[in-house]
Amino acid sequence: MIAYLIRRILYAIPILVGVNLLTFALFFVVNTPDDMARMQLGIKRVTPEAIEKWKQQRGYDKPLLVNGAASGAGKITGTIFWQKSASMFVFDFGYSDDGRSIGREIATRMGPSLAIALPTFMIGLAVYVSFALLMTLFRATALDIAGVALCVLLMSVSGLFYIIGGQFVVSKLWHLVPISGYDGGMGGFKFVVLPIVIGVIGGVGSSSRWYRTIFLEETGKDYVRTARAKGLSELTVLFRHVLKNAMIPILTGVVVVIPLLFMGSLLTESFFGIPGLGSYTIDAINAQDFSVVRAMVFLGSLLYIAGLILTDISYTMVDPRVRLQ
Amino acid sequence: MKRLACFLLPVLLSACDGGLWNNPYPVADEGKPILYTAFTERPKHLDPAQAYSENEYEFLAQIYAPPLQYHYLKRPYQLVPLAASEMPAVRYLNKERQPLPDNAPAENIAFSLYEIHIKPGMRYQPHPAFARNARGEPEYAHLAPHDLRDIHALSDFPHSGTRTVTAADYAYQIKRLAHPQLHTPILGVMGDYIVGLKDYAATLQQAAKKNPAAFLDLDAYPLPGVQVVDERTYRIEIAGKYPQFAYWLAMPFFAPMPPEVERFYAQDGMRERNLTLDWWPVGSGPYYLSENNPNQRMVMARNPHYDSERYPGEGEAGDAQAGLLADAGKPLPLIDKVVFSLEKETIPYWNKFLQGYYDASGISSDSFDQAVQMSVGGEAAVTDEMKAQGITLSTAVATSTMYTGFNWLDSSVGGSGERARKLRQAIAIAVDFEEFVSIFANGRGISAQSPIPPGIFGYREGEAGINRHVYDWVDGAPRRKSIEEAKKLLAEAGYPDGVDAQTRQPLVINLDTTANGVGNKARLDWLRKQFDKINVQLVVRSTDYNRFQDKIRRGDTQMFYFGWNADYPDPENFLFLLHGAQAKVGKGGENAANYSNPEYDKLFEQMKNMENSAQRQAIIDRMLEILRRDSPWLWGFHPKNYVLQHGWLHNIKANVMANNKLKYWRVDAGQRDRLRREWNRPAYWPLWLGALALLLSGAWLWRVLQKREKSK
């Protein structure tokens, strides 16, 4: 397994370089360093000298990919691409265009994102699996049909509606929690409870339907028939046998997102005033801040690869037949 | 189970801290004179040499104390001393530096000398850069990287100090405008006026190149245009006559900067911790930034050393009756702390305002009808619902203008020829901005008659101030000319019924804009409809921001949307937008329409250096008439700011020029707490109902399962 993991980590390097190159190309097709300077300096009273000075200070006065004026390795290292990308492989994200440390910004903002995303993920998983098992337990009954109908209904409603509706009913009409805001520590409970509840409700429809399908497929298999023939209760069959055997498809969708949880949610964080990472990338794209964009894309790719490796490892844990070689 | 209880108990206890359940602020802050407000966008810069945006000045104007400020109550806007002990004395000199009389013609004046005396005893906010050890030496001037191991914010430094503000600090900040590592937006303008600043910038650039890693000591390089006379006096030498310079002295660009603060932040390891002057400003104003988390909350606390200012004792007529002089003579600021929370979305902001958790709020289009009703006479007032909550409304026309420009270099719509002029005039009549303001801005704006908005010298009220090429004066009000007149002008321009008489091709005009998407579709459709009225086809060329700016710079447009927000309340700051020397194409100026008219340019040069007088008004009148006739812009509208505030917030008067308003405001915290409790009583029944429903469905499920198992 160790050899497998080392191989997977080595595979990640060209993938990360490729993603980086693609991000770089896409970004600079749309924006030029001059555009970036103008965006940062504002539209009032900006002189060409100020633009040149800005580019020079931030290293955007160099060629994009190949430095024809340099010799030897300088042809590559004397470019914007190299100078903005190489340091990321040692996790030095540098500074955003407005001069803030990107690493510090990520470290500060990932906590609040996790405070919402982690409980939403865990509670959500428990709720979705339980609800799906309940529908499976009562399959082909009125309860099952009502459950599926409810899922379809919940899936049809926009996520924004849950947020605005939830804020209106729970915070504005019933005055039970603050409409928006955030606080660290225990005092933060009242701020995160509504976004978590809304996050969980928002995912019930699609996830429960998906898990129900998985469970129904399992319940048709021979081992389930055998278990029932042995006289096991329906609950024991579902929780001890069906759930265990349905873990592989569940893990495929679940484990991969765990490392990405701290990247946060744009809508939830915007509406609830959560100071997380949800809007960091979008804000950077709008501000044409390449330093932040490439750092966040790099981190996102890295975490996605980590998620895929974790998924592979988790397979070996739930299914002894799987071996990583 | 025990572990779960251990986790849940403190969580539940924290929820029951004795305060209102939906109160986003700590219970301990109840009853305190704290102002709660919000910001929607994080400021990019908080360094007074770099910041220039409104959302940055919202903070900086409370923290820094430049020499001058705008009087809070008097109108028209009037400069008064802030850190200066009196208004600066200006002396004029000729080329030989001999004194000239105050009424000397502008062309004879080679230099203007501003002598500024600052108030005695002003002190900076508490800051570690001022801390001294037992030997009286700066405590944190020579920090090694390991000394910063446990430092993440300024509050982590165990000691802080203060010191008296000196004239040298003001001089130092002016030098910072030329600092090679800072991007000062006004360096170009100031370089033209402050004697020697341009050369000084070049000298510093050279010095920084020689030793890029070293701290650049600005005091090692003299700036000839700025002299420190004594501890409380300094002089600024301006090339020629530039009366508008006094307005710049009311901006944070000219606030004092202690050199030791810049040295403090320049130490190794500071930037990595976001400990920079751009992040943690250091001023001598009424407040200082005590918490800076622009992703969540920024808090300003009262500067304990600020005692140099009192609430004004006089205002304009009606201010005393409105209670605006009730606090006259009281030391400022009247509020101890200001909490700015980040609210990116308008819906939560608005709802929290209605719950009493924000003291004041703007009005988004979504909430306009809920908040404001228009009387028959067109006067805006709050609705009965707002009135019942004690909410009041204050309005003011912004010193801004939103216009649509014609590119003067374009062969169809541009230039001084009769044909293009009549075409522009016809379009000016057809595009009904009164309707635009009514539909898209809920009536929050007034149609512009020229680039100059109300409240600025040169603006004329009533019949004398209307654009006679677009409006007639009927029954005491301006009335837009008829579409028939627009069609007539169009025919005279050679486009009868919207068709080019020479080519027989329909007239097509392109509008370049960054507006796209569903949100802007209605506006663009409306604009097309306006052109349809005179049978002219409008093609909207939506483009991204970068390409749009690029097109404007190259003059590759026909029509475009633009806006301008005044730097200072002087007509020069609007009329220069149409000055030929400011053309965007070729000169990189602010004249985006590339308008050029020799007579206008000559009058502008004459007007710009004049004091406000009848003679200046006459010149402005002539300039505006030239503009209205040439019609290089559709004059568009001047937006109107609407702000709602709760009854517990006092001393609110709309002032679109002053940014340092918070020090005048007063909060009745007792009234606020009482009303918040009244408005936000939690409804417990949904919790009981939910718990009961959960219990019953659990029990039912259990019964069903038991039954099933038995039946097996």
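Parameters at a glance
- Along each chain, residue indices are assigned from 1 in the same order as the chain's sequence is written.
- Just so you know, chain letters begin at A and ligand numbers begin at 1, following the order they were written in.
- Local features in a predicted model are, by the rule used here, given only for residues with pLDDT of at least 70; side-chain atom pairs are given and counted only at 80 or more, and totals for whole chains, interfaces and linings are based on all residues.
- Where side-chain values are given, they derive from all heavy atoms of the structure, hydrogens and water being excluded.
- Segments assigned H or I by DSSP are reported as helices when at least four residues long, segments assigned E as strands when at least two residues long, and all are numbered from the N terminus.
- Radius of gyration means the value over C-alpha atoms here, while the globule rule gives 2.2 Å times the residue count to the 0.38 power.
- The cut-offs for exposure are 20% and 50% of the maximum accessible area for each residue type, with area from a 1.4 Å probe on protein chains only; residues under the lower value are buried, those over the upper are exposed, and the others partly exposed.
- We call two residues in contact whenever any of their non-hydrogen atoms come within 4.5 Å of each other.
- Throughout, the Shrake-Rupley method with a 1.4 Å probe supplies accessible areas, and for residues the shown protein chains are the sole cover considered.
- The charge count treats Lys and Arg as positive and Asp and Glu as negative. His and the chain ends do not count.
- A single reference atom marks each charge: NZ on Lys, CZ on Arg, CG on Asp, CD on Glu.
- Here the buried area means the combined drop in accessible surface, using a 1.4 Å probe, for two parts upon being joined, counting both sides.
- Just to be clear on terms, a salt bridge is a Lys or Arg side-chain nitrogen sitting within 4 Å of an Asp or Glu carboxyl oxygen.
- By the criterion applied in these results, polar contacts are pairs of N or O atoms within 3.5 Å in which, for protein atoms, one can donate a hydrogen and the other can accept it, and in which residues neighboring in sequence qualify only through two side-chain atoms.
- Here, axes are lines fitted to C-alpha atoms. For helices the fit covers the stretch in contact, and angles between N-to-C directions go from 0 to 180 degrees.
- The cut-offs work like this: below 35 degrees is roughly parallel, past 145 is roughly antiparallel, 65 to 115 is roughly perpendicular, and the gaps in between are oblique.
- The hand of a helix crossing depends on one turn: near helix anticlockwise from the far one by less than a right angle means left-handed, and clockwise means right-handed.
- Residues are grouped as follows: Ala, Val, Leu, Ile, Met, Phe, Trp, Tyr, Cys and Pro are nonpolar; Asp, Glu, Lys and Arg are charged; every other residue, Gly included, is polar.
- Each helix should span, by expectation, one fewer than its residue count multiplied by 1.5 Å.

A. Spatial organisation of the overall build of chain B. Within chain B, the secondary structure is distributed over 21 helices and 25 strands. Here the C-alpha radius of gyration of chain B, 30 Å, is about what a compact globule of 712 residues would show, namely 27 Å. Along the first, second and third principal axes, the C-alpha atoms of chain B reach 95 × 85 × 55 Å. Taking all 712 residues of chain B together, 55% fall into the buried category. Contacts in chain B between residues far apart in sequence, at least 24 positions, make up 71% of those at least 6 positions apart. Carbon and sulfur atoms form 53% of the exposed surface of chain B, whose accessible area is close to 30700 Å². Between the averaged position of the 81 positive side-chain charges in chain B and that of its 82 negative side-chain charges there is a distance of 5 Å.

B. Structural view of the interface of chain B and chain A. Each partner contributes to the interface: chain B provides 74 residues, whereas chain A provides 60 residues. A buried area of about 5900 Å², summed over both sides, lies between chain B and chain A, and 50% of it is on carbon and sulfur atoms. Taken together, chain B and chain A are joined by three salt bridges. The closest approach of N and O atoms between Asp35(A) and Arg547(B), which form a salt bridge, is 3.0 Å. Applying the counting criterion to the chain B and chain A interface returns 28 residue pairs in polar contact (both at pLDDT 80 or more). Only α1 (2–15), α5 (197–210), α8 (346–354), α15 (545–554), β22 (559–565) and α21 (685–711) of chain B provide two or more residues apiece to the side of chain B that touches chain A.

C. Representation of unusual backbone geometry in the model. Between Arg75(B) and Pro76(B) the backbone carries a cis peptide bond, its omega angle lying at -5°. With respect to the element layout, Pro76(B) can be found in the loop between β2 (68–70) and β3 (79–81). Residue Pro333(B) follows Leu332(B) across a cis peptide bond; omega there is 0°. Look at Ala140(A): it is not a glycine, yet its phi comes out positive at around 65°. When you line up the elements, Ala140(A) lands in the loop between α6 (102–137) and α7 (142–156). The phi torsion at Asn274(B) lies on the positive side, around 60°, for a residue other than glycine. Within the secondary structure, Asn274(B) sits in the loop between α7 (259–265) and β9 (287–293). According to the relative accessible area criterion, Asn274(B) is buried, its value standing at 6%.

D. Seen up close, the packing of helix α18 (residues 598–608) of chain B against helix α19 (residues 614–630) of chain B. Residue and element names in this part refer to chain B. Relative to each other, α18 and α19 sit at 155°, their axes nearing to 10 Å. In terms of their interaxial angle, α18 and α19 are classed as roughly antiparallel. Considering the relative orientation of α18 and α19, their crossing is left-handed. Of α19, the residues touching α18 (which contributes Glu599, Tyr600, Leu603, Phe604, Gln606, Met607 and Lys608) are Arg616, Ile619, Ile620, Arg622, Met623, Ile626 and Leu627. Partitioned by chemical class, the residues of the contact of α18 with α19 number nine nonpolar, one polar and four charged.

E. The arrangement of the pattern of salt bridges in detail. Residues and elements named next belong to chain B. Considering all chains together, one arrives at 59 salt bridges over all chains under this definition. Note that Arg97 is salt-bridged to Glu237, the shortest N-O span being 2.5 Å. You can see Arg97 sitting in the loop between β4 (89–93) and β5 (99–100) and its partner Glu237 sitting in strand β8 (residues 233–239), a full 140 residues away along the chain. Classification of Arg97 as partly exposed rests on a relative accessible area of 40%. In the salt-bridge network here, residues are joined through shared partners; they are Glu418, Arg421, Lys422, Lys488 and Glu492.

F. Region of interest: helix α1 (residues 2–30) of chain A. Residues and elements named next belong to chain A. With 29 residues, α1 extends 42 Å from end C-alpha to end C-alpha; this agrees with the ideal 42 Å at 1.5 Å per step. Buried residues of α1: Tyr4, Leu5, Arg8, Ala12, Leu16, Asn20, Thr23, Phe24, Phe27 and Phe28, and no others. Those residues of α1 that are buried lie in contact with α2 (33–41), α5 (80–85) and α15 (290–318).

G. Structural context of helix α11 (residues 418–430) of chain B. Residues and elements named next belong to chain B. With 13 residues, α11 extends 18 Å between its outermost C-alpha atoms, agreeing within 8% with the 18 Å of an ideal straight helix rising 1.5 Å per residue. Burial within α11 is extensive, with 11 of its 13 residues counted as buried. Along α11, the residues that are buried comprise Ala420, Arg421, Lys422, Leu423, Arg424, Gln425, Ala426, Ile427, Ala428, Ile429 and Ala430.

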